[in-house]
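# Chains, contacts and geometry: an overview
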Amino acid sequence: MHGGIAYDHNYTWAKEKEKDIKEHYKERWSDLTDISIDGYQFTNNTDEVLFEESVDLQARNYAQFVGQEMLFRLNPLDQNTYVPKRVRNRETEFSIARGYTDRVVSVVQLPEGYSLENIPEPVLLLSKFGSYTSKVKRLEDGKLQYERTFSLKHGKYPAEDYETYRKFRRKVAGHDRARVAAQRI
């Protein structure tokens, strides 16, 4: 689900041709190899200025196998990995021009014979700059549901808050890139 500036970047896809939409997703998620888009659905809530995408896809060769473990990212589709560059002795204020909220809910089907023994703990990051939450839930038939919400607040901030902002964004990036290991059962 997209709100704020992210809404502006996405809502027009609802009017595009199927071929262009599928090509858009393949390009957007180009780090996933051998991807097929099996279906999609859009909900454009103009009253609340929220755009929701529901995409059914398959990605082969998505995980890495190391011994009896399968390593994979829970969030391969909407990683927010931006970390502002370091500025020593910053003297000027900084601003976040536009706030936004991104919410991702994805379901991962584990291959037969694999199980995620340790479900990652829920994550909650609260900051004057925004928030980040993520959680994983075990579903039936070897499926996992990953849910993540990242919100960034617009505003002007004093120079002395810059390093705190960098740390917040670094934590968000780290959680969005996190991998989990499923074991062969």
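Residues numbered from 1 in each chain as written. Predicted model: local features only at pLDDT ≥ 70, side-chain atom pairs only at ≥ 80, totals over all residues. Heavy atoms only, no water.

As recorded in an unreviewed UniProt entry, the protein goes by DUF3857 domain-containing protein and comes from Aureicoccus marinus.

### Concerning the pairing of strand E3 (residues 50-59)
As judged from the 2 bridges shared by strand E1 (residues 2-4) and E3, these two strands associate in the antiparallel manner. Its bridge partner lying in E3, Gly3 is registered against Leu50. As judged from the 10 bridges shared by strand E2 (residues 35-45) and E3, these two strands associate in the antiparallel manner. When the bridges of E3 are listed, Asn44 appears paired with Phe51. Hairpin connection of E2 to E3: 4 residues between the antiparallel strands, including Val49 at a positive phi of 55 degrees. (Pairing = 2+ DSSP bridges. Helix = DSSP H or I, 4+ residues; strand = E, 2+ residues; numbered from the N terminus.)

### Comments concerning the sheet that holds strand E9 (residues 123-127)
Pairing in this open sheet of 7 strands is antiparallel, and the strands run E2-E3-E1-E7-E11-E10-E9 from one edge to the other. What marks the edges here is a single partner per strand, and that holds for E2 and E9. Taking each pair of neighbouring strands and ignoring which way they run, the sheet shows an average axis angle of 10 degrees. Pairing of strand E10 (residues 130-138) with strand E11 (residues 143-152), which is carried by 9 bridges, proceeds in the antiparallel orientation. Residue pairing for E11: Val136 is matched across the bridge by Tyr146. Against the sheet, helix H3 (residues 162-176) makes contact with strand E7 (100-109), E9, E10 and E11, and its axis sits at roughly 160 degrees relative to E11, the strand it touches most. (Axes fitted to C-alpha atoms, helices over the stretch in contact; angles between N-to-C directions. Contact = heavy atoms within 4.5 Å.)

### Some details on the layout of surface pockets
By rolling a water-sized probe across the atoms, one finds the places where empty space is left. Its boundaries defined by the atoms lining it, the largest pocket holds a volume of some 1000 Å³. Along the walls of the largest pocket sit 33 residues, with Val55, Leu57, Leu77, Ser106 and Val107 positioned nearest its centre. Mapped by element, the contributors of at least two residues to the lining of the largest pocket are E3, strand E5 (69-73) and E7. When the residues that make up the lining of the largest pocket are grouped by side-chain class, the tally is 19 nonpolar, 5 polar and 9 charged. There are two domains that each give the lining of the largest pocket at least three residues, and those are domain 1 (1-62) and domain 2 (66-184). Of the volumes computed, that of the second largest pocket is approximately 230 Å³. Lining the second largest pocket, in full, are His2, Ile5, Ala6, His9, Asn10, Arg28, Leu77, Asp78, Arg98, Tyr100, Asp102 and Leu152. Taken together, the elements giving at least two residues each to the lining of the second largest pocket come down to helix H1 (5-10) and E7. The biggest single contributor to the lining of the second largest pocket is H1, with 4 residues. Per-domain counts for the lining of the second largest pocket show at least three residues from each of domain 1 (1-62) and domain 2 (66-184). (1 Å grid on protein atoms, 1.4 Å probe; cavity = no way out; pocket = protein on both sides within 12 Å on 5 of 7 lines; lining within 4 Å. Points joined across faces, edges and corners; volume = space filled by probe spheres on them. Nonpolar A, V, L, I, M, F, W, Y, C, P; charged D, E, K, R; others polar. Domains from an automatic or database assignment.)

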